[in-house]
Amino acid sequence: MVVDDHPMWREGVARDLTEAGHEVVASCGEGRQAVRVIGAARPDLVVLDLQLPDISGVQVIRGLRAERPDVRVLMLSASGEQQGVLDAVKAGATGYLLKSAGLAEFLDAVRRTAAGEPVFTPGLAGLVLGEYRRLAAVREQAPDGTQDSAPRLTERETEVLRLVAKGMSYKQIAERLGLSHRTVQNHVQNTLGKLQLHNRVELTRYAIERGLDE
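Keep in mind that what you see is a predicted model, and the values were worked out from it rather than measured.

(A) Expanded view of empty space enclosed by the protein. Enumeration according to the criterion identifies 1 cavity of 30 Å³ or more in this entry. Here the largest cavity defines a volume of roughly 30 Å³. Lining of the largest cavity is provided by Val2, Val3, Asp4, Trp9, Val13, Val47, Leu48, Asp49 and Leu76. Within the residue set of the lining of the largest cavity, elements represented by two or more residues are strand 1 (2-3), helix 1 (7-19) and strand 3 (45-48). For the lining of the largest cavity, a count of residues per class yields 7 nonpolar, no polar and 2 charged.

(B) Spatial organisation of unusual backbone geometry. Phi is positive for Arg42, which is not a glycine, with a value near 50 degrees. The topology assignment puts Arg42 in the loop between helix 2 (31-41) and strand 3.

(C) Quick peek at the sheet that holds strand 5 (residues 95-98). Taken in spatial order, the 6 strands of this open sheet run 2-1-3-4-5-6, and their pairing is parallel. Among the strands making up the open sheet, the edge pair consists of strand 2 (27-28) and strand 6 (119-120). As judged from the 4 bridges shared by strand 4 (residues 72-77) and strand 5, these two strands associate in the parallel manner. Bridging across to strand 5, Met75 finds its partner in Tyr96.

(D) Up close: the nonpolar core. Counting 27 residues, the largest nonpolar core has Met1, Val3, Val46, Leu48, Ile61, Met75 and Tyr96 as its most contacted members. Within the residue set of this core, elements represented by two or more residues are helix 2, strand 3, helix 3 (57-67), strand 4, helix 4 (82-91) and strand 5. Leu161, Val164, Ile173 and Ala207 belong to the second largest nonpolar core, which has 18 residues in total.

Parameters and conventions
- Residues numbered from 1 in each chain as written.
- Predicted model: local features only at pLDDT ≥ 70, side-chain atom pairs only at ≥ 80, totals over all residues.
- Heavy atoms only, no water.
- 1 Å grid on protein atoms, 1.4 Å probe; cavity = no way out; pocket = protein on both sides within 12 Å on 5 of 7 lines; lining within 4 Å.
- Points joined across faces, edges and corners; volume = space filled by probe spheres on them.
- Helix = DSSP H or I, 4+ residues; strand = E, 2+ residues; numbered from the N terminus.
- Nonpolar A, V, L, I, M, F, W, Y, C, P; charged D, E, K, R; others polar.
- Pairing = 2+ DSSP bridges.
- Core = buried A, V, L, I, M, F, W, Y, C linked by side-chain atoms within 4.5 Å.
- Buried < 20%, exposed > 50% of the residue type's maximum accessible area, 1.4 Å probe, protein only.

Given below as structure tokens:
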């Protein structure tokens, strides 16, 4: 589903997606309309502008995920303003791409976002990583003094997790470590199970909070 208040841009994005083999099930110019139709349209992925005429993109993300919790949201915005990016990610956006991106970069971001990978325009990734580290530091200084009791991962699982946190795809990780694509997927699934996490986005956040992306 494509949500953008500029008709020509919205139609252009929908056309590019269709020509690339994706099915566009809905196209909306307002946030409230998007929230209303998502239940019937049932998209796997929403390409969403941050600034809409009725409600903010952040409000739209919350509404979309309330109606369809498993939907992936790729922000496609002209604005790379720091707070807007962080608010969108905290609300549940899987990725954030600036409208200055080229077609190939956009289609790659759509593919990776649909697979649950966090995707960001270069420069924004560092911003998001920094915020997660800051939040992690705040938690470590909590007055209750609680200790991290996370399950132990194998050396290979930790190695794969570190590369996931760097934003690498399964294919790139497989090539880096000399493993098959299926083996990398199995390591990720085992790690998700051990850590009681649900998807790659949560796994990446876990890794970043523990400094494994460095």
